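# Fold and geometry: a report
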Amino acid sequence: MKKLMIGIVAVVMMLALFAGCKSASQENVVIIESIAPTTVPEIPKETPAAAPEAEQPSVETSAEPAEPTQASKPVGKEFFDDAAFVGDSVSLKLSYYCKATKALGNAQFFTAGSLGSGNALDKVSAESVHPSYQGEKMRVEDCIEKSGVKKVFIMLGMNDIGIYGPDEAVSNYETLIDKILEKSPDVEIYVQAMTPMTSTSNIIGKNLNNDNIVKYNANLKALAERRGWQYIDVYSAVVMTDGTLNPEYCSDNDEMGIHFTEEGCQIWVDYLFENV
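As the structure is a computational prediction, the values presented were derived from the model and not from experiment.

Here we come to the overall build of the protein chain. Each helix and strand counted, the protein chain has 7 helices and 7 strands in total. Secondary structure of the protein chain in N-to-C order comes out as α-β-α-β-β-β-α-β-α-β-α-β-α-α. Buried residues in the protein chain amount to 40% of all 276 residues. Residue pairs at least 24 apart in sequence account for 68% of intrachain contacts in the protein chain once pairs closer than 6 positions are excluded. Carbon together with sulfur atoms contributes 55% to the accessible area of the protein chain, which is approximately 17,100 Å² in total.

Below, the structure is given as structure tokens:
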């Protein structure tokens, strides 16, 4: 019995010792959950790239320069409804053609055979050379004023070059236009080049010849540029390469060699349409 009691006590003591050891072991256990998690550095978020702008369609520019605006465009016959033509027998033939065909609309003609810029400055008399307006002979500037036209086309020189030469003839021409402008200051002046003579003309002389016609026209062009008037080179529309009037356009080849056929008049009209 005594041995039994001693054995029980020994067992109890051994159990107590074992329990103490276990408690001590638990105090040294590291609880992993209490360790703060490792801070992972935050990776900055990338700013999303801006969407590419829609590509603008390219506008092609022509390598060719723009066509220049033309100084003038072709006109119709109505352009001449408020116009007057001043001239000698060359323009007189044009007046007959236009009155019969209305090629220049309702244009008026103040023409006379042998009229020149020199004798146009003379006083009106029974013997003087002047045009008429409504059956009354009067000076050119009075015809223009009374008719009320807005455009004046002048071709003179055939009866001036032989008398005055190409220089003084142009001086008289300018004086005549100044007189027109004194009475009708708002009219537009169109200076028409004098047309040439045929090679067979019987009036070619020392002063009146195609060489002097060229000089006269050069003087007219210079005058028009200086005064701001339009110069219309009708000469170039009817001249041959040798400087003479195309015989196909001339109605009196074997005589004066200066007046026009109907075909020649139409060439003249067409040139006006294209160049005024």
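Residues at a pLDDT of 70 or more form 74% of the protein chain, whose mean pLDDT is 83. Note that residues 15-71 has pLDDT below 50 and, in this model, 0 contacts with residues that lie over four places away or in other chains.

Below, the discussion takes up the environment of Asp178. Structurally, Asp178 is set in helix α4 (residues 161-183). Overall, the relative accessible area of 27% leaves Asp178 in the partly exposed class. Sequence separation of Asp178 and Glu141 is 37 residues, and the distance between their C-alpha atoms is 9.1 Å.

Our next topic: the environment of Leu92. For Leu92, the position within the fold is in helix α2 (residues 89-101). Overall, Leu92 belongs to the partly exposed group, its relative accessible area being 21%. Between the alpha carbons of Leu92 and His259 there is a distance of 9.1 Å; along the sequence they are 167 residues apart. Here Leu92 is in contact with Thr111 and Gly113, once residues within four sequence places are set aside.

What follows concerns the packing of aromatic side chains. As enumerated under the stated definition, the model contains 9 aromatic pairs in all. With centroids separated by 5.1 Å and ring planes inclined at 20°, the aromatic side chains of Phe85 and Phe109 adopt a geometry described as stacked. A residue pair is termed long-range when its members are at least 10 positions apart, and Phe85 in strand β1 (residues 83-87) and Phe109 in strand β2 (residues 108-111) qualify at 24 residues. Accessibility assignment for this pair places Phe85 and Phe109 in one class, buried. One aromatic cluster is present, built from ring pairs that chain together Phe79, Phe80, Phe85, Phe109, Phe153, Tyr190 and Phe273. The side chain of Lys151 reaches across the aromatic face of Phe79, ending 4.2 Å from its centre.

Across the interface, α2 lies against helix α7 (residues 262-275) with an axial gap of 10 Å and an inter-helix angle of 90°. In this view, α2 runs roughly perpendicular relative to α7, as classed from their interaxial angle. In contact with Val90, Ser91, Lys93, Leu94, Tyr97 and Cys98 of α2, α7 contributes Glu262, Cys265, Gln266, Trp268 and Val269.

In this section: the packing of helix α3 (residues 140-147) against α4. Interaxial distance between α3 and α4 falls to 9 Å at its minimum, and their mutual angle equals 30°. The pairing of α3 with α4 is recorded here as roughly parallel in orientation. Our pair here, α3 against α4, has a crossing hand that is right-handed. Across the interface between the two elements, Val140, Glu141, Asp142, Ile144 and Glu145 of α3 pack against Leu176, Lys179, Ile180 and Lys183 of α4.

What tends to happen in soluble globular proteins is that the nonpolar side chains get buried as a cluster. Phe80, Leu104 and Ile144 are the most contacted members of the largest nonpolar core, which has 67 residues in total. Looking at this core element by element, the count peaks at 8 residues for α4. Contacts of Ile144, omitting those with residues within four sequence positions, involve Ala84, Val86, Phe110, Val149, Val152, Ile180, Ser184 and Val187.

So, on to the pattern of salt bridges. Taken as a whole and assessed by the stated rule, the structure comprises 6 salt bridges. The shortest N-O distance in the salt bridge between Glu141 and Arg139 comes to 2.7 Å. Exposure class is identical for Glu141 and Arg139. Each is buried. Residue Arg227 is joined to Glu174 by a salt bridge in which the shortest nitrogen-to-oxygen separation is 2.8 Å.

Procedures and definitions
Position numbers for residues count from 1 along each chain, tracking the sequence in the order it is written. Predicted model: local features are reported for residues with pLDDT of at least 70 only, side-chain atom pairs are reported and counted for 80 or more only, and whole-chain, interface and lining totals are derived from all residues. As a rule here, side-chain values come from all non-hydrogen atoms in the structure, and water together with hydrogens is ignored. Secondary structure elements follow DSSP: runs of H or I of four or more residues count as helices, runs of E of two or more count as strands, with numbering from the N terminus. Only protein chains enter the calculation, and the probe is 1.4 Å; a residue is then buried if its accessible area is under 20% of its type maximum, exposed if over 50%, and partly exposed in between. Here a residue-residue contact requires only that any non-hydrogen atoms of the pair lie within 4.5 Å. The accessible surface values rely on the Shrake-Rupley method and a 1.4 Å probe; as for residues, cover is taken only from the protein chains in view. Residue-level confidence of the predictor is summarised by pLDDT, bounded by 0 at the bottom and 100 at the top. When two rings of Phe, Tyr or Trp (its six-membered ring) have centres within 6.5 Å they constitute a pair, described as stacked for plane angles under 30 degrees, edge-to-face for angles over 60, and tilted for the intermediate range. Geometrically, a lysine NZ or arginine CZ counts as sitting over a ring once it is within 6 Å of the ring centre and also within 35 degrees of the ring normal. Helix axes are fitted to C-alpha atoms over the stretch in contact, other axes to C-alpha atoms as well, and angles between N-to-C directions run from 0 to 180 degrees. Roughly parallel covers angles under 35 degrees, roughly antiparallel covers those over 145, roughly perpendicular covers 65 to 115, and oblique covers all other angles. Two helices that cross are described as forming a left-handed crossing if the nearer one is turned anticlockwise from the farther one by less than a right angle, and a right-handed crossing if clockwise. Grouping buried Ala, Val, Leu, Ile, Met, Phe, Trp, Tyr and Cys residues that are joined through side-chain atoms within 4.5 Å yields what is termed a nonpolar core. Just to be clear on terms, a salt bridge is a Lys or Arg side-chain nitrogen sitting within 4 Å of an Asp or Glu carboxyl oxygen.

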